[in-house]
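If you want the building blocks of each chain, they are given just below.
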Amino acid sequence: MSLLYNIALLPGDGIGPDVIAEAVKVLHTVERKLKGVAFELSEYPVGAGEYLRSGTPLPDASIEACRKADAILLGAMGIPTVRWPDGKEMTPQIDLREIFQLYSGVRPIYLYNSIDSPLKDFDMGEIDFVIVRESTEGLFSARLSQSDPSKGEVCDTLRITRKGTERVCRAAFEIARKRRKKCTLIDKANVLPSMVFMRKIFNEIAKDFPDVEADYVYVDAASLFLVQRPNDFDVMVTENMFGDILSDLAAGLVGGMGMAPSADIGDKQAIFQPSHGSAPDIAGKGIANPIATILSTALMLDWLGCEQCKRGANAIRDAVSRVFSNPLNRTSDLGGSVSTEQMGNLISEAIQLNP
Ligand code: ATP
């Protein structure tokens, strides 16, 4: 009998539907190839486009469907011209992280082919590390606060809680334990009291992981070291906003946003989505790189955790590796001419051909 997983699909806005279509294609290929596991996919409306249609970017019915699903696969959200009255963009993907308490934003950064890195002319070694971004508090917790700019001052609070820090640090150490056994806290403990507090809690959690080396780098220095010697890092754990910024920098090291997958993981639910946004500049052109979303689908299979799922996840990563060994197989963000759909086909074919 097949294992059956219910997957909620939230394609969203901009390039979201295009990249999700290719991830679904790849997931069905994995299903056919592996046998013994099946995915029932149901699509739900979320995003700025949904706000224009129904008056809310995140309908209750979509939230409830996500709550019941075994996993959630999300494209991208946001249309720059569609904003709340106070000027902020609609970000239902962040609402979902908070609603489901998806505290670990796990972002693996891996360079499949050195020709895709801007560091290719330097001897930087392998690029293979994971950013774990705290995703429910930090500076983003200020996003729903009220402000009155007429007073000549607007203040955003960076909120760090013991509970929030303990759970994300624990998750980061667990990941490090299965990798090269090094976990680095990226903070600003030389300046901000909230970061002194975060480091104290990180040190407490580190005691439960004596087999993992714990160290610290200030966020400004981390930006420098990521460019100069990315090979130094294994797992980096950090506050929400620092993680947001460093994720884009790190994606740049391996070819750009189209190569950066992400998993937002909580104790019950998890959402898998590319690290990138809706990329309005290329939306509707059929040229978006779907690899980040396809690799996020592999992260989903890792998280679902059954034997076939784990094999499926490895089959996807192996297919990306083989497709990327040919420099002609590149979408336009990487200097090639392969379309979104063609890239999805290449990955699917590579999975099918894998003995
Ligand atoms: P958000 O704040 O929602 O994360 P953003 O404003 O940081 O979004 P993105 O949508 O991530 O911006 O896009 C940043 C840049 O990367 C844009 O130039 C965009 O075209 C490019 N980009 C993002 N995703 C892809 C992709 N899948 N393929 C090709 N280019 C991409």
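The structure presented is a predicted model; accordingly, all values stated were derived computationally and were not measured.

(A) Region of interest: the packing of aromatic side chains. Tallied over the entire structure, the rule returns eight aromatic pairs. With 5.2 Å between their ring centres and 35° between their planes, Phe173 and Phe202 make a pair best called tilted. Taken as a pair, Phe173 in helix α5 (residues 162–177) and Phe202 in helix α6 (residues 193–206) lie far apart in primary sequence, 29 residues in all. Overall, the relative accessible area of 0% leaves Phe173 in the buried class. Aromatic pair Phe173 and Phe209: ring centres 5.1 Å apart, planes at 20°, arrangement stacked. A residue pair is termed long-range when its members are at least 10 positions apart, and Phe173 in helix α5 and Phe209 in the loop between α6 and β7 (213–218) qualify at 36 residues. Exposure remark for Phe209: the relative accessible area of 2% places this residue in the buried category. An aromatic cluster of at least three residues, connected via ring pairs, comprises Phe173, Phe202, Phe209 and Tyr216. Its guanidinium or amino end placed over the ring of Tyr216, Arg199 lies 4.2 Å from that ring's centre, counting from NZ or CZ. The residue whose ring lies beneath Arg229 is Phe225, and the NZ or CZ to ring-centre distance is 4.0 Å.

(B) Quick look at unusual backbone geometry. Phi angles above zero are rare outside glycine, and Lys35 is one such case at about 60°. Inspection of the secondary structure assignment puts Lys35 in the loop between α1 (16–34) and β2 (37–43). Residue classification places Lys35 among the exposed positions, given a relative accessible area of 59%. Residues other than glycine seldom take positive phi values, yet Gln101 does so here, at roughly 50°.

(C) A look at the site of the ligand. The full set of residues close to the ligand is Ile15, Met257, Gly258, His276, Gly277, Ser278, Ala279, Asp281, Ile282, Ala288, Asn289 and Asp333. At 3.4 Å, a backbone N or O of Ser278 approaches an oxygen atom of the ligand. Burial of the ligand by the protein chains amounts to 62% of its free accessible area of 620 Å². Partitioned by chemical class, the residues of the shell around the ligand number five nonpolar, five polar and two charged.

Conventions we followed
Residues numbered from 1 in each chain as written. Predicted model: local features only at pLDDT ≥ 70, side-chain atom pairs only at ≥ 80, totals over all residues. Heavy atoms only, no water. Phe/Tyr/Trp six-rings, centres within 6.5 Å; stacked < 30°, edge-to-face > 60°. Helix = DSSP H or I, 4+ residues; strand = E, 2+ residues; numbered from the N terminus. Buried < 20%, exposed > 50% of the residue type's maximum accessible area, 1.4 Å probe, protein only. Lys NZ or Arg CZ within 6 Å of the ring centre and 35° of its normal. Near = heavy atom within 4 Å. Polar contact = N/O pair within 3.5 Å; in protein donor to acceptor, adjacent residues only side chain to side chain. Areas by Shrake-Rupley, 256 points an atom, 1.4 Å probe, with all protein chains shown as cover. Nonpolar A, V, L, I, M, F, W, Y, C, P; charged D, E, K, R; others polar.

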